[in-house]
Amino acid sequence: MGDMRLIVAGAGGRMGRALVALIAATEGVTLAGALEAPGNAAIGQDAGTLAGCGALDLVVGADALNAVVQADGILDFTTPRASLELAALAAQARIVHVIGTTGFSAEDLGALAAAAHHAVIVKSGNMSLAVNLLAALVEQAARALGPDYDVEILEAHHRMKVDAPSGTALLLGEAAARGRGVALDAARGDGAHKGPRKRGAIGFSSLRGGTMVGEHTVIFAGPGERLELAHKAEERGIFARGALHAALWGRGKKPGLYSMADVLASPVAQQG
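A. Examining the nonpolar core more closely. One finds L6, L19, L75 and V98 to be the most contacted residues of the largest nonpolar core, which totals 36 residues. Mapped onto this core, the elements with two or more residues apiece are β1 (4-9), α1 (14-25), β2 (29-35), α2 (47-51), β4 (96-99), β5 (120-123), α9 (237-250) and α10 (260-265). Tallying contributions element by element places α9 first for this core, with eight residues. In contact with L6, other than residues within four places in its own chain, are I23, V29, T30, L31, A32, G33, G73, L75, L244 and A247.

Here it is, written out as structure tokens:
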């Protein structure tokens, strides 16, 4: 099996540039395409030069269909609309689609599930391997401590982040809800609530400012004690490495909608 040929969607953004640089520095993978939305200033620029890793003789383009037919996988940190379009193309080409995009609606998620009948889709609100381990710990703690311990998820990001709570915060909230055997929608507390806290509520608090990459703390506040589980991202490379790990893991898998928990549960196949 030769190098895995990967497309980076959103190649002009911060995560896209990090992915391009990582692919250029990693054996066993090669950059097969770099995509941006039509009209983006990155189009026509060398993807490697844009990423700060030296020219790669591959320019950023907007023709996703042409790129997909030459690839084994897509690394995608874009927008819900763009991700849905790429998922449809990945399904047609029967390739791997790693999605780090957040902010999907329920209808969007249904469309991704449909695409996963033909594509290997790995989707996560956070591609960091450590964050996904944190989610497993949160689920375990929620199961053990029960509803007598209030759960509050605190998250902080840079001032340019659009969605709140973050996709990672929701991922952690889902983990806490699973641990308690309830649906997050039913347990989710109102961040602006007044009066006593509802028993069993899972609350969210968001902070936006500066250049913070991402910080998440899950607080279990019980009678006379408090447990805090936290993760602090120091640079975006952790998300790029997790996404690349997920793509390599997905190569050769049966079509389906997978999570980073699935990736963590089994090793990446050896490339050769």
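B. Region of interest: the pattern of salt bridges. Overall, the coordinates contain twelve salt bridges when judged by the stated rule. One salt bridge connects R5 with D72, and the closest N-O pair in it is separated by 3.0 Å. Highlighted residues: R5 in strand β1 and D72 in the loop between α3 (64-68) and β3 (73-76), separated in sequence by 67 residues. Under the relative-accessibility criterion, R5 is labelled partly exposed at 35%. Among the ionic pairs, E139 bridges to R143, the shortest N-O distance being 2.9 Å. Highlighted residues: E139 and R143, both in helix α6 (residues 129-145), separated by four residues, approximately one helical turn. Where salt bridges share partners, they join R5, D72 and R251 into one cluster.

C. The arrangement of α6 in detail. Over its 17 residues, α6 runs 25 Å from end to end, which matches the ideal 24 Å to within 8%, given 1.5 Å per residue. Every buried residue of α6 is listed here: V131, N132, L134, A135, V138, E139, A141 and A142. The N-terminus of α6 is capped by S128, whose side-chain oxygen sits 3.2 Å from the backbone nitrogen of A130. Among the residues trailing α6, G146 stands out with phi positive, at a value near 75 degrees.

D. Spatial organisation of the packing of α1 against α9. Packing of α1 against α9 leaves a shortest axis separation of 9 Å and a crossing angle of 60 degrees. Our classification of the angle between α1 and α9 gives oblique. In this structure, α1 crosses over α9, and the sense of that crossing is right-handed. Residues M15, A18, L19 and L22 of α1 form the contact with α9, whose participating residues are F239, A240, R241, A243 and L244. In terms of residue class, the contact of α1 with α9 is built from eight nonpolar, no polar and one charged.

E. Layout of the sheet that holds β2. In space, the six strands of this open sheet follow the order β2-β1-β3-β4-β5-β10, with parallel pairing throughout. The outermost strands of the open sheet, each flanked by one partner alone, are β2 and β10 (256-258). Direction aside, the axes of adjacent strands within the sheet are offset by 20 degrees on average. Both β4 and β5 contribute to a ladder of four bridges, which runs parallel.

F. Molecular detail of helix α7 (residues 167-180). Given a rise of 1.5 Å per residue, 14 residues ought to cover 20 Å, and the 20 Å separating the end C-alpha atoms of α7 matches this to within 8%. Counting buried positions along α7 yields eleven of 14 residues, so the element is predominantly enclosed. For α7, every residue scored as buried is listed here: G167, T168, A169, L171, L172, G173, A175, A176, A177, G179 and R180. In this fold, the buried residues of α7 make contact with α6, β6 (150-157), α8 (184-187), β7 (202-208) and β8 (214-222).

G. Seen up close, a nonpolar patch on the surface. Side chains of L129, L133, L137 and L264 sit close together on the surface and give an oily, nonpolar patch of about 330 Å² of accessible area. Broken down by element, the residue count for the nonpolar patch peaks at three residues, all from α6. Mapped onto the elements of the fold, L129 is located in helix α6. The class for L129 is partly exposed, based on a relative accessible area of 34%.

H. Examining the environment of K123 more closely. Following the sequence through the fold, K123 ends up in strand β5. Looking at K123, the relative accessible area reads 23%, which means it is partly exposed. Excluding its chain neighbours within four sequence positions, the residues that come into contact with K123 are I99, F104, L109, L112, L257, Y258, S259 and M260.

I. How the structure looks around the packing of α6 against α7. At their nearest, the axes of α6 and α7 sit 7 Å apart, and the two run at 30 degrees to each other. Remark: the crossing between α6 and α7 carries right-handed chirality. Contacts between α6 and α7 involve V131, N132, L134, A135, V138, E139, A142 and R143 from the first element and T168, L171, L172, A175, A176, R178, G179 and R180 from the second. Broken down by class, the residue content of the contact of α6 with α7 amounts to nine nonpolar, three polar and four charged.

Rules used throughout
Residues numbered from 1 in each chain as written. Predicted model: local features only at pLDDT ≥ 70, side-chain atom pairs only at ≥ 80, totals over all residues. Heavy atoms only, no water. Core = buried A, V, L, I, M, F, W, Y, C linked by side-chain atoms within 4.5 Å. Buried < 20%, exposed > 50% of the residue type's maximum accessible area, 1.4 Å probe, protein only. Helix = DSSP H or I, 4+ residues; strand = E, 2+ residues; numbered from the N terminus. Contact = heavy atoms within 4.5 Å. Salt bridge = Lys/Arg side-chain N within 4 Å of Asp/Glu carboxyl O. Expected span 1.5 Å × (residues − 1). Polar contact = N/O pair within 3.5 Å; in protein donor to acceptor, adjacent residues only side chain to side chain. Axes fitted to C-alpha atoms, helices over the stretch in contact; angles between N-to-C directions. Parallel < 35°, antiparallel > 145°, perpendicular 65-115°, else oblique. Left-handed = near helix turned anticlockwise from the far one by under 90°. Nonpolar A, V, L, I, M, F, W, Y, C, P; charged D, E, K, R; others polar. Pairing = 2+ DSSP bridges. Patch = residues over 30% accessible without salt bridge, like charges linked within 9 Å, V, L, I, M, F, W, Y side chains within 5 Å. Areas by Shrake-Rupley, 256 points an atom, 1.4 Å probe, with all protein chains shown as cover.

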